[in-house]
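So the chains spell out like this:
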Amino acid sequence: MTRIDFHSKVPDKIAYACRLVRKARSADMKIVVFAANPAQMTAIDDALWTFSEQDFLPHVNAGDELAGVTPVILTHDAGQALPHHQILLNLSRETPAHFARFERMFEIVSADEEDLLAGRERYRQYQQRGYPLTHFVAEKS
């Protein structure tokens, strides 16, 4: 069963996601980042290239021919075929389709009131379905 970690009141979802990707990659994990829309996917793509001068975080879009051999996959398309299912980072306000295929999912929720409400609703849904949940409140930076 997918283990789900909520990270709420995150001041900058993109920067926070980059830190989580770096941490997961240092543990040799494969990650799928599910963005809310094409603009957010472009933002995370750009941020992963410039996030750290010391860390190379190889990533491609889910439809890329190198997706099967790349450890970090970016998508905003819930129906997109994915090459691996270790970690899912959800940056959207929706429950990602097929999230249960993943070993672990991180729900990244900003301090925005609408995002918080959507996050609480997803938390309740996962809780009602019996998923193991943890919750972390981001520290202000």
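In what follows, the accompanying structure is described.

### Points about the packing of aromatic side chains
Aromatic rings in a pair are described by how distant their centres are and how their planes are angled relative to each other.
Here comes step 1: All chains considered together, the criterion is met by six aromatic pairs.
Here comes step 2: These aromatic residues form a ring-pair network of at least three members: Phe6, Phe99, Tyr123, Tyr126 and Tyr131.

### Let's talk about the environment of Ile4
Here comes step 1: Within the fold, Ile4 resides in strand E1 (residues 3–10).
Here comes step 2: A sequence separation of 79 residues divides Ile4 from Pro83, and the C-alpha atoms of the two residues are 20 Å apart.
Here comes step 3: Once residues lying within four places of it in the same chain are set aside, the contact partners of Ile4 are Phe99, Met105, Glu107, Tyr126, Tyr131, Pro132, Leu133 and Thr134.

### Looking at the sheet that holds strand E2 (residues 31–34)
Here comes step 1: On the basis of which strands lie adjacent, the open sheet formed by seven strands has the order E3-E4-E2-E5-E6-E1-E7 and parallel pairing. On the outer flanks of this sheet lie strand E3 (59–61) and strand E7 (133–137), each paired with one strand and no other. Looking at each pair of strands side by side, their axes are set apart by 20° on average, direction ignored.
Here comes step 2: Here E1 pairs with E7 via five bridges, running parallel. Bridge pairing in E7 places Phe6 opposite His135.
Here comes step 3: Helix H1 (residues 13–26) contacts E1, E2, strand E4 (72–75), strand E5 (87–90) and strand E6 (104–110) of the sheet and is inclined by roughly 160° relative to E6.
Here comes step 4: Sheet contacts for helix H3 (residues 113–128): E1, E5, E6 and E7; angle to E6, the most-contacted strand, approximately 150°.

Thresholds applied
Within any chain, residue numbers begin from 1 and follow the written order of that chain's sequence. Per-residue local features of the predicted model are confined to residues with pLDDT of at least 70, and side-chain atom pairs are confined, for both listing and counting, to 80 or more; whole-chain, interface and lining totals are unaffected and use all residues. Side-chain numbers come from the whole structure's heavy atoms, not from hydrogens or water. Pairing of aromatic rings covers Phe, Tyr and the six-membered ring of Trp, with a centre-to-centre limit of 6.5 Å; geometry is then stacked below 30 degrees between planes, edge-to-face above 60, and tilted otherwise. For the purposes of this entry, the term helix denotes a DSSP run of H or I that reaches at least four residues, the term strand denotes a run of E that reaches at least two, and both are numbered from the N terminus. Two residues form a contact once any of their heavy atoms are found within 4.5 Å. Here the rule is simple: two strands pair whenever DSSP picks up at least two bridges between them. Think of each axis as a best-fit line through the C-alpha atoms, taken over the contacting stretch in the case of a helix, with angles from 0 to 180 degrees between the N-to-C directions.

Everything listed here is a matter of coordinates, which is why it stays silent on function.
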